[in-house]
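Residue strings, one per chain:
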Amino acid sequence: GKGKWKEFDKRDLLLTYNALKVLEARYLLKDPNTLRYIETPQMMFRRVAKFLASVEKSYGKSDNDAKQLEEKFYEIMSELKFLPNTPTLMNSGTRLGILSACFVIPVRDSMITSNGEGIYDALRAMAVVHQQGGGTGFDFSELRPKGDIVASTAGVASGPVSFMRIFDVSTDVVKQGGKRRGANMGVMHVWHPDIDDFIKAKTGQLKDTQLQNFNISVGVYDYFMNAVERSDVVPLVNPRKTKIPGKEWEYYIAKARGYITEDWIQEVILSELEEKGGAVYLDESKIITVDEALVIAEKEGAITQWVNARQLFEEIVKGAWDSGDPGLLFIDTINRRHPTWYLGKINATNPCGEEPLLPWESCNLGSINLEKFVIERDGKPTIDWDGLAETIKYAVRLLDNVIDANRYPLKQIEEATKRTRKVGLGVMGLARMLIKLGIPYDSVDAVYLSYQLAKFIYYQAFKESIEIAKEKGSFPAYDSKLYRDIWESAKSFDEILEIVGIKDKPSEYIKRLTFIVDKLDFDKLKEDRIKYGLRNATVVSVAPTGTISIIAGTSSSIEPLFALAFIRNVAVGKFMEIDPLFLEYLRKYELDNPEVVKKVAETGMIGDNLFMPKTMRKIFRTAHEVPPEYHLLHQAVWQQWNDSGTSKTINLKSEEPPETVEKVYLLAWKLGIKGVTVYRDKSKSQQVIYFGIKK
Ligand code: UDP
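Since the structure is predicted, the reported quantities are computational estimates derived from the model, not experimental observations.

Another point: the overall build of the chain. A tally of regular secondary structure across the chain gives 28 helices and 22 strands. Expressed as a percentage of the 695 residues in the chain, the buried residues total 61%. As presented, the chain carries roughly 27,700 Å² of accessible surface, and 51% of it is formed by carbon and sulfur atoms.

Here Thr 622 is to be found in the loop between helix 26 (614-619) and helix 27 (628-640). A polar contact of 2.5 Å, which involves the side chain of Thr 622, links it to the side chain of Glu 625. Sequence-distant contacts of Thr 622, that is, excluding residues within four places in its chain, are made with Leu 561, Phe 562, Ala 563, Leu 564, Gly 604 and Met 605.

Quick look at the site of the ligand now. As a matter of local geometry, the ligand sits amid 20 residues, with Thr 86, Arg 180, Asn 350, Thr 545 and Gly 546 nearest to it. Here an oxygen atom of the ligand sits 2.9 Å away from a polar atom, N or O, in the main chain of Ala 101. For the ligand, whose accessible area on its own is 530 Å², the fraction buried by protein is 91%.

This part is about a nonpolar patch on the surface. Judged by side-chain polarity, Met 111, Ile 112, Tyr 120 and Ile 166 come together as a nonpolar surface patch covering roughly 370 Å² of accessible area. Residue placement: Met 111 occurs in the loop between strand 2 (102-104) and helix 6 (119-131).

A few words on the side chain of Ser 162. Summarising the element assignment, Ser 162 is placed in helix 7 (residues 160-174). Exposure remark for Ser 162: the relative accessible area of 19% places this residue in the buried category. Within the structure, Ser 162 has its side chain in polar contact with the backbone oxygen of Ser 158 (distance 2.9 Å). In this structure the side chain of Ser 162 is engaged in a polar contact, spanning 2.8 Å, whose partner is the backbone oxygen of Gly 159.

A few words on the packing of aromatic side chains. One pass over the structure, following the stated rule, counts 22 aromatic pairs. Aromatic side chains Phe 138 and Phe 214 sit 6.5 Å apart centroid to centroid with 50° between the ring planes, which places their arrangement in the tilted category. Residue Phe 138 is found in strand 3 (residues 135-139), and its partner Phe 214 is found in strand 7 (residues 214-220); the two are separated by 76 residues along the sequence. Residue classification places Phe 138 among the buried positions, given a relative accessible area of 0%.

Relative to the helices and strands, His 631 is located in helix 27. Given a relative accessible area of 0%, His 631 falls into the buried group. The spatial distance from the C-alpha of His 631 to the C-alpha of Glu 559 is 7.9 Å, given a sequence separation of 72 residues. Excluding residues within four positions of it along the chain, His 631 makes contact with Glu 559, Pro 560, Ala 623, Val 626, Lys 648, Thr 649, Ile 650 and Asn 651. Of the polar contacts made by the side chain of His 631, one reaches the backbone oxygen of Ala 623; its length is 2.8 Å. Within the structure, His 631 has its side chain in polar contact with the side chain of Lys 648 (distance 2.8 Å).

Ranked by size, the top nonpolar core spans 190 residues in total, and within it Phe 224, Leu 370, Leu 425, Tyr 458, Trp 638 and Tyr 665 carry the most contacts. Per-element tally for this core: the top contributor is helix 18 (residues 444-472), with 16 residues. Here this core gathers at least three residues from each of two domains, domain 1 (107-135 + 142-349) and domain 2 (565-628 + 649-691). Leave out the neighbours within four places in its chain, and Tyr 458 touches Tyr 483, Ile 486, Trp 487, Phe 522, Val 539, Val 540, Trp 641 and Asp 643. If you look at the next biggest cluster of nonpolar residues, it comprises 17 residues, including Ile 435, Leu 564, Met 612 and Met 616.

Now for the pairing of strand 14 (residues 374-377). Sheet topology places strand 14 next to strand 15 (residues 380-383); four bridges connect them, and they run antiparallel. What sits directly across from Ile 375, in strand 15, is Thr 382.

With that settled, the discussion passes to helix 9 (residues 222-230). Residue pairs spaced three or four apart in an α-helix point in one direction, given the helix's 3.6 residues per turn. Buried within helix 9 are the following residues: Asp 222, Tyr 223, Phe 224, Met 225, Ala 227 and Val 228. Remark: Ser 231 follows helix 9 within two positions and exhibits a positive phi of approximately 55°.

The terminal C-alpha atoms of helix 15 (residues 385-405) lie 30 Å apart, and with 21 residues this matches the ideal 30 Å at 1.5 Å per residue to within 8%. Taking burial as the measure, the 21 residues of helix 15 include 17 buried ones, the bulk of the element.

Below, the discussion takes up the pattern of salt bridges. Within this structure, the stated rule accounts for 48 salt bridges. Between Lys 67 and Glu 71 there is a salt bridge, and its shortest N-O distance comes to 3.7 Å. Of this pair, Lys 67 and Glu 71 both sit in helix 4 (residues 63-78), four residues apart, which is roughly one turn of the helix. For Arg 310, the salt bridge goes to Glu 662, with nearest N and O atoms at 2.5 Å. A residue pair is termed long-range when its members are at least 10 positions apart, and Arg 310 in helix 13 (residues 309-323) and Glu 662 in helix 28 (residues 658-670) qualify at 352 residues.

What counts and how
- Residues numbered from 1 in each chain as written.
- Predicted model: local features only at pLDDT ≥ 70, side-chain atom pairs only at ≥ 80, totals over all residues.
- Heavy atoms only, no water.
- Helix = DSSP H or I, 4+ residues; strand = E, 2+ residues; numbered from the N terminus.
- Buried < 20%, exposed > 50% of the residue type's maximum accessible area, 1.4 Å probe, protein only.
- Areas by Shrake-Rupley, 256 points an atom, 1.4 Å probe, with all protein chains shown as cover.
- Polar contact = N/O pair within 3.5 Å; in protein donor to acceptor, adjacent residues only side chain to side chain.
- Contact = heavy atoms within 4.5 Å.
- Near = heavy atom within 4 Å.
- Patch = residues over 30% accessible without salt bridge, like charges linked within 9 Å, V, L, I, M, F, W, Y side chains within 5 Å.
- Salt bridge = Lys/Arg side-chain N within 4 Å of Asp/Glu carboxyl O.
- Phe/Tyr/Trp six-rings, centres within 6.5 Å; stacked < 30°, edge-to-face > 60°.
- Core = buried A, V, L, I, M, F, W, Y, C linked by side-chain atoms within 4.5 Å.
- Domains from an automatic or database assignment.
- Pairing = 2+ DSSP bridges.
- Expected span 1.5 Å × (residues − 1).

Taken by themselves, the reported measurements are silent on function.
Shown next as structure tokens:
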């Protein structure tokens, strides 16, 4: 009707040119026969809102209730205050059923297995997930090393890295329906005999040719990091040769590290794992130490070699400096802070690291656009905390509905996902929020604001998950006694500054701006959780928001601006972008002439440009001007109030030496970050975003 079109016109005007280009190329539905568009952006938001709100009816809600919720869902999306991850936008209400972005698929040491967890079962699972737009993560550590025996054929094993190549080629071929490049995370734990091959799988001569559809990460443990600092030796263990195969061998370490408690061993392992015929435990009643575990492995002849941890670490650092790979996953940190730790040990994450998941689990994401919550009060910019809380509420409900609306491609994925109902509410537009508030990204105030925002969002999301539990029940695997409240292990802001050795303190201004956060009552939250239950095993996650931030027209995730002007290379073509906030400031200072813009565009930054106003030079800090420790600080504070992972790239200048990467990796571990990735400018021939404009 006419009235409707009026609404469409107005809201579509919120979309930038780049947003429209991306939507048109990949998201808006077309008639399969004529290839003509059959929806506008507003119709897309409506399609998603309607589809996800209709879930409520299966919980006994009336048509009217569902309609009201649909309006709310539509509103937060069309106002670009919140967007769900790409698969939800693309696939809601269509024939393709996957609405989630993140998956972890197990790979056991066998071609195929009866329960569908062998190498080629995993390959098949990957193909169906990619086909519909999901990203997949794998831990390859259970596979026997290269050169090991294969009993059935009396042959020789080719090792995990060669199998990874098959996964890589398959990813190329499937290409996510032509709309999105398939993405993978390949993990190998640091004790695996092939770890050296793995570390070098994408570096040196191989860097722009091998495993191009993989991010790779080494799974490291505290014992390893400690050995690095002491330059101690660590063992490499053949997972096939030990009675405590890969996974279980790690359990011994897990126990020693204390994230599996004695109580838990008694209560859960003995009954449940025994019943499932799972693990072999030599002395279930006793927590054994790493050394004891090693004695066992040694007796079994499973230890193939002792290597210097420091040397291994330096190889990792060299690779990352050279090519960005491998990153690190801190397996102990991940498991220590995993709320449903009693369901097993996490060994891998999805491609960008924001979702550490158990085998077969999936998670759907969505992100709040922080920029939209900067409002003017008395002529000054401030934060609309009430509006933020309100948006979080509907966002969490929307994400929870995605789990019911999802059509899962495999039974195992459906079972594992519905058991924990993990959702991941994240953010985008942090950098632009900071600019609007006049706070430099690389300042203690900015990090403090991040800390407070993370805490606020986590609190509100958790609260809403309790509310939904009251109405629809807790996630099936919820155990009010065993569930771990992650805020109890969150580091304080001061602690974090101290680890990095920063003496500055947050200003009175920023404390006043965020004082509402200090009033949040987490004890009450815990009481409510115990009383009413919890709908989702995890509620938040910080995703990269690579595409949805373009649709929202804001900066991605918690990253600083990449460049004030740059060329963006995406599947559908090249885009030249000048940051609109930057342009606004140029106008304010009457500097918006083509000569100035052209000059800025050459490097993408203005930090060294003495002709630019000082205020602008401070506020418009780009990724490579931000010192590495400030990248880490933002990641660390968001991670404290996050029950899953925080995706972030520690962007480095091209000239940074390997020592910087080493420092970053060690500091990341100490700050309690779950995973870390660096990217040194120009270290790969293909970059998604280039600095400045190439002449
Ligand atoms: N992802 C994927 N292919 C891609 C980009 C992303 O499979 O080309 C998956 C991957 O699991 C990643 C997650 O989507 O970690 C979230 O990425 P992002 O936030 O950039 O996605 P968006 O929703 O913005 O498209």
